[in-house]
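Coordinate inspection notes
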Amino acid sequence: MSGEPRPVPRPTPETLPYWEATRRRELVRHRCDGCGAGSQHPRAICACGSTDLTWTRCTGRGRLFSYVVVHRPEPVFADEAPFVLAIVELEEGVRMTTRIVDVPADPSALPLDMDVELRWLELGDVNLPVFAPARPEGS
Ligand SMILES: [Zn+2]
């Protein structure tokens, strides 16, 4: 036991729409209306200079791009180790840092490019987007 409460993300004015969406269990990203580029991180101005950014909903499907198995995390996360910290490339083409759940924290269970799908980790007022191996079509 760490004794400390698990940290919960604190919305800022820029990230509030993102966290409000997670309460509805919707994963959203910023898409630029000027050039079409997407970003998983909220931002006020696109690299192209446009400020016309729209929150758009993601499908929640993606693939495992990269990961590490964390055995010795910060003390506050010690109870959860080992866990899988991953970069998932969403179907929309943007990459996000997240966790892989519902699978052993072992490389034999984590082939790169594995299809993954969105799940939610409930943390008080917010839901954290995490991913698990995708279930086969129709199941
Ligand atoms: Zn742009």
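Taking an unreviewed UniProt entry as the reference, the protein is identified by name as OB-fold protein belonging to Actinomadura algeriensis.

Our next topic: the overall build of the protein. Summing up its helical and strand segments, the protein has one helix and eight strands in all. Starting at the N terminus, the α and β elements of the protein follow one another as α-β-β-β-β-β-β-β-β. In terms of overall size, the protein behaves like a compact globule, its C-alpha atoms giving a radius of gyration of 16 Å where 139 residues would be expected to give roughly 14 Å. Taking the principal axes of its C-alpha atoms as reference, the protein extends roughly 45 × 40 × 25 Å.

Let us now look at the pattern of salt bridges. Pairing between side chains becomes possible if they bear opposite charge and their charged atoms approach one another. For the structure on display, the rule yields twelve salt bridges. The shortest N-O distance in the salt bridge between Glu-89 and Arg-63 comes to 3.3 Å. In this pair, Glu-89 sits in strand E5 (residues 83–90) while Arg-63 sits in strand E4 (residues 61–70), placing the two residues 26 residues apart along the sequence. Overall, the relative accessible area of 27% leaves Arg-63 in the partly exposed class. In this structure, Asp-102 engages Arg-119 in a salt bridge whose closest nitrogen and oxygen atoms are separated by 2.6 Å.

Along a regular strand, successive side chains alternate from one face of the sheet to the other. Within strand E8 (residues 126–133), seven of the eight residues are buried, which leaves the element mostly enclosed by the surrounding structure. Sheet analysis places strand E7 (residues 115–123) next to E8, joined by eight bridges and oriented antiparallel. What sits directly across from Leu-121, in E8, is Leu-128. Count of turn residues in the E7/E8 antiparallel hairpin: two residues, of which Gly-124 carries a positive phi of about 60 degrees.

Quantified by volume, the largest pocket comes out at close to 400 Å³. If you trace the largest pocket, you find 17 residues lining it, with Tyr-18, Met-96, Thr-97, Thr-98 and Pro-129 closest to the centre. Secondary structure elements with two or more residues in the lining of the largest pocket: helix H1 (16–23), E5, strand E6 (95–100) and E8. When the residues that make up the lining of the largest pocket are grouped by side-chain class, the tally is ten nonpolar, five polar and two charged. Reported here for the second largest pocket is a volume of approximately 200 Å³. Lining the second largest pocket are ten residues, and of these Arg-61, Glu-117, Ala-134, Arg-135 and Glu-137 sit closest to its centre. Every element with two or more residues in the lining of the second largest pocket is listed here: E4 and E7. With three residues, E7 is the largest single contributor of residues to the lining of the second largest pocket. Here the lining of the second largest pocket is composed, by residue class, of three nonpolar, two polar and five charged.

Cut-off values and rules
Residues numbered from 1 in each chain as written. Predicted model: local features only at pLDDT ≥ 70, side-chain atom pairs only at ≥ 80, totals over all residues. Heavy atoms only, no water. Helix = DSSP H or I, 4+ residues; strand = E, 2+ residues; numbered from the N terminus. Rg over C-alpha atoms; globule rule 2.2 N^0.38 Å. Salt bridge = Lys/Arg side-chain N within 4 Å of Asp/Glu carboxyl O. Buried < 20%, exposed > 50% of the residue type's maximum accessible area, 1.4 Å probe, protein only. Pairing = 2+ DSSP bridges. 1 Å grid on protein atoms, 1.4 Å probe; cavity = no way out; pocket = protein on both sides within 12 Å on 5 of 7 lines; lining within 4 Å. Points joined across faces, edges and corners; volume = space filled by probe spheres on them. Nonpolar A, V, L, I, M, F, W, Y, C, P; charged D, E, K, R; others polar.

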